[in-house]
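Summary of the model geometry
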Number of protein chains: 4
Amino acid sequence: MAPLKVGIIGVGRIGRCHCASIASVPTKAKITMICDIYEPALLEVQGMYNIEHITKDPMELIKSADVEAVIICSPTDQHADQIIACAEAGKYIFAEKPISLALDIIDRVDAKVKETNALCFVAFQRRFDPHFMRLKKAVTDGEAGDIRTVHITSRDPNPPPVAYVKVSGGLHNDMAVHDFDMARHIIGSEVEEVYCKGSCKVNPEIGEAGDIDTSLVMLTFENGVVATVDNCRQASYGYDQRVEVFGSKGMVQLNNAYGNNCVVSNSAAVQRDLPFSFFMDRYADAYRNEMIAFVDVCASADKKSPVGVSDGRAAYLIGKAAKQSMETGKPVKISEVC
Amino acid sequence: MAPLKVGIIGVGRIGRCHCASIASVPTKAKITMICDIYEPALLEVQGMYNIEHITKDPMELIKSADVEAVIICSPTDQHADQIIACAEAGKYIFAEKPISLALDIIDRVDAKVKETNALCFVAFQRRFDPHFMRLKKAVTDGEAGDIRTVHITSRDPNPPPVAYVKVSGGLHNDMAVHDFDMARHIIGSEVEEVYCKGSCKVNPEIGEAGDIDTSLVMLTFENGVVATVDNCRQASYGYDQRVEVFGSKGMVQLNNAYGNNCVVSNSAAVQRDLPFSFFMDRYADAYRNEMIAFVDVCASADKKSPVGVSDGRAAYLIGKAAKQSMETGKPVKISEVC
Amino acid sequence: MAPLKVGIIGVGRIGRCHCASIASVPTKAKITMICDIYEPALLEVQGMYNIEHITKDPMELIKSADVEAVIICSPTDQHADQIIACAEAGKYIFAEKPISLALDIIDRVDAKVKETNALCFVAFQRRFDPHFMRLKKAVTDGEAGDIRTVHITSRDPNPPPVAYVKVSGGLHNDMAVHDFDMARHIIGSEVEEVYCKGSCKVNPEIGEAGDIDTSLVMLTFENGVVATVDNCRQASYGYDQRVEVFGSKGMVQLNNAYGNNCVVSNSAAVQRDLPFSFFMDRYADAYRNEMIAFVDVCASADKKSPVGVSDGRAAYLIGKAAKQSMETGKPVKISEVC
Amino acid sequence: MAPLKVGIIGVGRIGRCHCASIASVPTKAKITMICDIYEPALLEVQGMYNIEHITKDPMELIKSADVEAVIICSPTDQHADQIIACAEAGKYIFAEKPISLALDIIDRVDAKVKETNALCFVAFQRRFDPHFMRLKKAVTDGEAGDIRTVHITSRDPNPPPVAYVKVSGGLHNDMAVHDFDMARHIIGSEVEEVYCKGSCKVNPEIGEAGDIDTSLVMLTFENGVVATVDNCRQASYGYDQRVEVFGSKGMVQLNNAYGNNCVVSNSAAVQRDLPFSFFMDRYADAYRNEMIAFVDVCASADKKSPVGVSDGRAAYLIGKAAKQSMETGKPVKISEVC
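The structure displayed is predicted, hence computed values, not measured ones.

1. Notes on the sheet that holds strand 4 (residues 69-72) of chain B
Residue and element names in this part refer to chain B.
- Taken together, six strands build an open sheet; the order of strands is 3-2-1-4-5-6 and the sheet is parallel. Two strands in the sheet have a free side with no partner beyond their single neighbour: strand 3 (53-55) and strand 6 (120-122). The average angle at which neighbouring strand axes cross in this sheet is 20°, direction not considered.
- Two strands pair when backbone bridges link them, and strand 4 and strand 5 (residues 92-95) are joined in this way by four bridges, in the parallel orientation. The residue of strand 5 that forms the bridge with A69 is Y92.
- Packed onto the sheet, helix 12 (residues 284-299) meets strand 1 (4-9), strand 2 (29-35), strand 4, strand 5 and strand 6 and runs at close to 165° relative to strand 5.

Shown next as structure tokens:
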């Protein structure tokens, strides 16, 4: 089978990461076109990967006969239109999240993807991380038995700039959304009710911008499982990404990932270096795996994406309910926010 | 200084544990009298520790001139009366928890202890466990900085008999009460609001007896800290007692305690034996330390108990609010239940 | 059965440790007499444990009709004569190691014990440590399969005073002897050949006193297993006591023991407190267990000590061969040194 | 700077690994020519990486004007001639180890490289593994203080085919050579004396082929450090690659690397999956890093290889001494074998 012809919209940090992943599987896929409004980036990446076509117009890329699959790494406010254009043009779609910060737009994208029966892969990369995959497999294989409780911890090393916070859609949409997706993915059920306490403990400017930096969410699922999601924009010790699944047969814990396994014992302590502190280091394998999974699903018979627009929508709704709970001080049903 | 003359009411499992602790510090304390309604136990323990006086009547022990300090290990429904009698008799008091399952009785005991200025030490032994003490010291020393979130996990290896469940006062009073006390102890603030999801996932008979076996509680403290307490009556892998304190400077985690440090690597896994599965093994040091702490405070100048009736009362109220939240589906303020 | 009547010669640090162990099993044993040349110690310990008889004369204790079992904690140069006197007097014997620093004396003790069929328990307390016992059980149960290699690490937190070093019999006799015994105990075979590199890296005064402070020994056993014993008089991070057994089915590792299980993550490292730094803390359970094992074997039908004079002799010979290897630069057979 | 023009001799498993590494740094290097006697492999790899030139003749590649640097992944018996040809042709050289199984040939290569002042990088990839690099940095930064003892464990998951064993040069040359190099690299001194016990415990056919499968080597360095190297051709639990450096200030331990950080607690044990069991998984980062290090040194001003022919020679001599010690039962000086 000829390599999949891939076009990439946006060759910033995450776009280049996807370029490298595609380049690492030359027999499976080939970057045929890239798009960016910033010409130096376009030329640089073209040179690195010997790419035939470049353009500043996303629609040119989407409509190109030399592009079978489109990887959308554009700014958030362009995601929805580009997904819809791809669906209409019959292209395979890989979309960075979030699809949108507005529910009606997400619903419109969802409808279009369903209508056109498009293959749309939404970028929840953690589902393709080897650690999370092992956790998920343990749960699927019954190592935990019937799940009783799940705890997810997700803390960033440092808060983003306040300017970013302002356009991020808020902590629940921007950061916790990955954890809400993971909770659904692990538990295999839909959230029924959300209770949340949020506050601004890291940086008061984040509060002034109308957001929070610290959040504790309790999720009750339709199948009776109760989960917590603990988020903070700042953790002194690095990128903290852990999960604990407790069930009738046992407990499965996913611990942090480290850049090395050295332990130093000295006169003060027995210690090791901090876990990864940058998400692209922590999730390097996950980003590569998700891209290969996308390429593979494009080549598959059923073209059925393992993670789609409806997953993005579900995670979005949990965040919306969390925000409403935090503001009202009361538990909020998902059915109240959609 | 002459050894403290100690009388012990009830020489069952926990009473004998306290006997052994007293016997291990012969220069500090001496058991002068024991009381139990079951004569063979009385005689057996008398022989083991060469104890001068025995009685079947708790009041005789409480009033004895040969007893300076009374350790109350009687059934729960006798605790309150015996504490009050000790307070009136001017004895130092060590009382197993709970003080009572009824708030008005707890309030009466509290009032009497205050009125008589009695030294009353309530048996929250975890505060004297070396692991929890190290955690508390880390927090006090500022190793975590300003606390943001606390997570307490407390799971038993196996549920108690249903007959016990019926008289236990319920999971929140019988089991979670230790965790509620620990949360207050670590965070150094009072609980303002409680939200709880409880269910019966281990044994339906526990549900039929009107109790739950699985509970997840979210506590909001007056100082803004949010904490979770995760309890289950059954954990396949043993006695699960962990705490995580997350703050501005770092994170302090207390992990489980194990009977040995051997790791076996074979063709299937890298593994170790399960953590302690019996609370008296897990907390052997804690029980001994708390008894020595009691003896020491009796010999101190200020006679100020490190943990008293008001601590028992505060933990009781959190449990009461948790139950009400679980039943109503709404967050409950502590001020609503007292 | 009436409690075993125990006499203790020497109530210094280790003697008092044994007193506490005996006092903790009042139904099994009772201290009836103690001996020490230092009267204040005698009186203090008598008062603590309410002991009937005291004496300054070891032979009076050994011959007393009120003593069935003798615990010998006297200075090393008295061990041999007291063991022999006990054997002749028909007493059960618990002897602190070493039996002697001279092979001919050890041989004489060995002969007397065999001749009188005496129960003589030699104090290799590590064999009764829960961690080492779990390791031994793993090996016995076949978890490692056929043993290929064993590594023992044994490092002290700090070197003893040079004055002590001078009378200690040297690092191999004083310190490594426990490890040589453990190697034999685990491997279940006798050492055939010893190769050793020793040096003085911690304190030159130890070298000037004719001893070493750092040693690496390679032991070849009759059954073909090869083992290393790594000793150092000083480790900045505390008392380092580890074993690794590697075999056809797997590997069993005994790691260090810690006073608490707290982990602190801060901006510099993920760390925990150092392991125990004092041997009486690290081996608290081992000391208690070995004393109970002694009391139990005295009460058993066959009176067969689990660890005897021949074990002490075998460990002594390994040390002697190690020293000779170090001095000659050549491997030394055990058959060359006895 | 234009990308380095790289030619690769041999596109089997390790050759393709190097291809992928080169392809991942398109701005730094470019594969311009590959050589293999097996045409389908040549064509397949040419297609994957869009390579301009192919040949079946190594000398054509070495002499090509389109090749600046040569990566030698041919069979061992061609290494020496190809290194010499590259040196004479003025090419940068990356050579898989071993340089040769004969000392006189190694010496000839060494002389030629020195004479031509060639850049010759010998493939001890572990020096470029992030875990070993962290260990080395800890030692260099003084975290261990003055080194006293080093222990290296290196066990394979499974023995190679006996047919391979016969041409491998023996365990010490084929397997332990990486550990001997690492010992020199960490300790920063040369080996003076070697003592070794070897045996055949895994597969008797390996013994019949004249080799061993289990080895324990004690190395004494010129600077007084003593090290052990423990090798076995089979470990039930996977690829076991550990190092412990003990010194005056502390201990640095490198533990095994795992494919995931999940811990499963069930009713039997607390366990995790086995470490990596394939060296190309375990050392994936190391292989990539060493290739980038080679490319970088080719572009550097001083063209000074971080690991060269003299390192290969030193490791070879340690293996030769180990074999002689094992056969004679005596310690062997390096000066006796060269």
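After presenting the structure, the write-up continues.
2. Some points on the interface of chain B and chain A
- In this complex, chain B contributes 35 residues to the contact, which on the side of chain A involves 35 residues.
- Between chain B and chain A, the buried area comes to about 2800 Å², and carbon and sulfur atoms account for 57% of it.
- Taking the shortest distance from any N to any O, the salt bridge between R155 of chain B and E244 of chain A comes out at 2.9 Å.
- Where chain B meets chain A, there are 17 residue pairs in polar contact (both at pLDDT 80 or more).
- Secondary structure elements with two or more residues in the side of chain B that touches chain A: strand 7 (147-155), strand 8 (191-199), strand 9 (214-221), strand 10 (226-232), strand 11 (240-247) and strand 12 (251-254) of chain B.
- In terms of residues, the side of chain B that touches chain A owes the most to one element, strand 9 of chain B, which gives five residues.
- Here the side of chain B that touches chain A is built from residues that sort into 13 nonpolar, 12 polar and 10 charged.

3. With respect to the packing of aromatic side chains
- Throughout the structure, instances matching the rule amount to 38 aromatic pairs over all chains.
- Ring centres of F121 of chain D and F294 of chain D lie 5.7 Å apart, and the angle between their planes is 75°; on these two criteria the pair is classed as edge-to-face. Within this pair, whereas F121 of chain D is found in strand 6 (residues 120-122), its partner F294 of chain D is found in helix 12 (residues 284-299), the two being separated by 173 residues in sequence. Summarising the burial analysis for this pair, F121 of chain D and F294 of chain D share the class buried.
- Site record: aromatic cluster; members linked through ring pairs are F94, F121, F128 and F294 of chain A.
- We note R155 of chain C situated over the ring of F246 of chain D; from NZ or CZ to the ring centre the distance is 3.8 Å.
- For the cation-ring pair, R272 of chain C lies above Y258 of chain C, with the distance from its terminal atom to the ring centre recorded as 3.6 Å.

4. Concerning the interface of chain C and chain D
- Listed by partner, the interface residues are 35 residues for chain C and 35 residues for chain D.
- Across the interface of chain C and chain D, roughly 2800 Å² is buried in total on both sides, 56% from carbon and sulfur atoms.
- In terms of surface lost to chain D, no three residues of chain C exceed R148, K201 and M218 of chain C, which account for 21% of the buried area on that side.
- Counting the contacts that link chain C with chain D gives six salt bridges.
- Linking chain C with chain D are 17 residue pairs in polar contact (both at pLDDT 80 or more), by the criterion used here.
- Examining the composition of the side of chain C that touches chain D, we find that five residues originate from one element, strand 9 (residues 214-221) of chain C, more than from any other.
- Here the residues of the side of chain C that touches chain D are counted per class, giving 13 nonpolar, 12 polar and 10 charged.

5. Notes on the relation of the copies chain C and chain D
- For the pair chain C and chain D, the best superposition has an RMSD of 0.0 Å and corresponds to a rotation of 180° with a translation of 0.0 Å parallel to the axis. Those values place the two copies in the arrangement expected of a two-fold rotation axis. Taking C-alpha positions as the reference, the residue of chain C nearest the rotation axis is K330 of chain C, at 3.5 Å.
- Interface overlap between copies is the fraction of interface residues in one copy that are interface residues in the other; for chain C against chain D it reaches 100%, indicating a shared surface.

6. Regarding the domain arrangement of chain A
Residues and elements named next belong to chain A.
- Parsing chain A into structural domains produces domain 1 (4-118) and domain 2 (127-276 + 315-336).
- Here domain 1 and domain 2 have C-alpha centroids that lie 29 Å from each other.
- Contact with domain 1, which involves six residues of that partner, is made by 10 residues of domain 2.
- Buried surface at the junction of domain 1 and domain 2, summed over both partners, amounts to about 540 Å²; 65% is from carbon and sulfur atoms.
- The largest contributions to the domain 1 side of the interface with domain 2 come from K97, L101 and L103, which together make up 84% of the buried area.
- For the interface between domain 1 and domain 2, the tally reads four residue pairs in polar contact (both at pLDDT 80 or more).

7. Notes on helix 2 (residues 39-49) of chain D
- Along helix 2 of chain D, the residues that are buried comprise A41, L42, V45 and Y49 of chain D. Summarising the axial view, the buried residues of helix 2 of chain D lie within an arc of 100°, below the 170-degree limit, and thus occupy one face.

8. So, the pattern of salt bridges
All names here are of chain A.
- Across all of its chains, the model carries 107 salt bridges over all chains by this definition.
- Ionic pairing is found between D179 and R126, a salt bridge with its closest N-O pair at 2.8 Å. Here R126 lies in the loop between strand 6 (120-122) and helix 6 (130-140) and D179 lies in helix 9 (residues 176-187), a separation of 53 residues in the sequence. The same class applies to D179 as to R126, namely buried.
- Connected through shared salt-bridge partners, R127, D181, R184, E190 and D311 make up one network.

9. A look at the relation of the copies chain B and chain A
- Rotating chain B by 180° and translating it 0.0 Å along the rotation axis places it on chain A, where the RMSD comes to 0.0 Å.
- By residue overlap, the copies meet face to face through one surface: 100% of the interface positions of chain B are interface positions in chain A.

10. Describing the environment of D281 of chain D
All names here are of chain D.
- Within the secondary structure, D281 sits in helix 11 (residues 279-282).
- Using a relative accessible area of 44% as the deciding quantity, one classes D281 as partly exposed.
- For the pair D281 and G259, spaced 22 residues apart in sequence, the C-alpha separation works out to 8.7 Å.

11. Quick look at the packing of helix 5 (residues 103-116) of chain C against helix 13 (residues 309-328) of chain C
All names here are of chain C.
- As a packed pair, helix 5 and helix 13 sit with axes 10 Å apart at the nearest point and diverge in direction by 160°. One finds that helix 5 runs roughly antiparallel with respect to helix 13. Every pair of crossing elements has a handedness; the one defined by helix 5 and helix 13 is left-handed. The segment helix 5 lies against helix 13, with L103, I106, D107, V109, D110 and V113 engaging V309, S310, R313, Y316, L317 and K320.
- Classifying every residue of the contact of helix 5 with helix 13 gives seven nonpolar, one polar and four charged.

12. Thoughts on the environment of R127 of chain B
Residues and elements named next belong to chain B.
- Position of R127 relative to the elements: it lies in the loop between strand 6 and helix 6 (130-140).
- Between the C-alpha atoms of R127 and H178, which are 51 residues apart in sequence, the distance is 9.4 Å.
- When residues no more than four places from it in sequence are discounted, the contact partners of R127 are M133, D181, M182, R184, H185, P306, V307 and D311.
- A distance of 2.7 Å separates a polar atom in the side chain of R127 from a polar atom in the side chain of D181.
- There is a polar contact of 3.4 Å between the side chain of R127 and the side chain of H185.

13. Some thoughts on helix 4 (residues 76-89) of chain B
- Taking 1.5 Å per residue as the helical rise, helix 4 of chain B with its 14 residues ought to reach 20 Å, and the 20 Å between its terminal C-alpha atoms agrees with that figure.
- When helix 4 of chain B is considered as a whole, its buried residues turn out to be H79, A80, Q82, I83, I84, A85, C86 and A87 of chain B.

14. Observations regarding the side chain of S100 of chain A
Residues and elements named next belong to chain A.
- Along the chain, S100 turns up in the loop between strand 5 (92-95) and helix 5 (103-116).
- Its relative accessible area of 8% is what places S100 among the buried residues.
- Side-chain polar atoms of S100 contact the backbone nitrogen of A102, separated by 2.9 Å.

15. Thoughts on the packing of helix 1 (residues 13-23) of chain B against helix 12 of chain B
Residues and elements named next belong to chain B.
- Two elements in contact, helix 1 and helix 12, have axes separated by 9 Å at closest approach and are oriented at 65°. Two packed elements cross with a definite hand, and for helix 1 against helix 12 that hand is right-handed. Only Y287, R288, E290, M291 and V295 of helix 12 make contact with helix 1, whose side of the interface consists of I14, C17, H18, S21 and I22.
- Here the contact of helix 1 with helix 12 is built from residues that sort into six nonpolar, two polar and two charged.

What counts and what doesn't
- Residues numbered from 1 in each chain as written.
- Chains lettered and ligands numbered in written order.
- Predicted model: local features only at pLDDT ≥ 70, side-chain atom pairs only at ≥ 80, totals over all residues.
- Heavy atoms only, no water.
- Pairing = 2+ DSSP bridges.
- Helix = DSSP H or I, 4+ residues; strand = E, 2+ residues; numbered from the N terminus.
- Axes fitted to C-alpha atoms, helices over the stretch in contact; angles between N-to-C directions.
- Contact = heavy atoms within 4.5 Å.
- Buried area = accessible area lost by both parts, 1.4 Å probe.
- Salt bridge = Lys/Arg side-chain N within 4 Å of Asp/Glu carboxyl O.
- Polar contact = N/O pair within 3.5 Å; in protein donor to acceptor, adjacent residues only side chain to side chain.
- Nonpolar A, V, L, I, M, F, W, Y, C, P; charged D, E, K, R; others polar.
- Phe/Tyr/Trp six-rings, centres within 6.5 Å; stacked < 30°, edge-to-face > 60°.
- Buried < 20%, exposed > 50% of the residue type's maximum accessible area, 1.4 Å probe, protein only.
- Lys NZ or Arg CZ within 6 Å of the ring centre and 35° of its normal.
- Least-squares fit on C-alpha atoms with pLDDT ≥ 70 in both.
- Domains from an automatic or database assignment.
- Arc of directions from axis to C-beta.
- Parallel < 35°, antiparallel > 145°, perpendicular 65-115°, else oblique.
- Left-handed = near helix turned anticlockwise from the far one by under 90°.
- Expected span 1.5 Å × (residues − 1).

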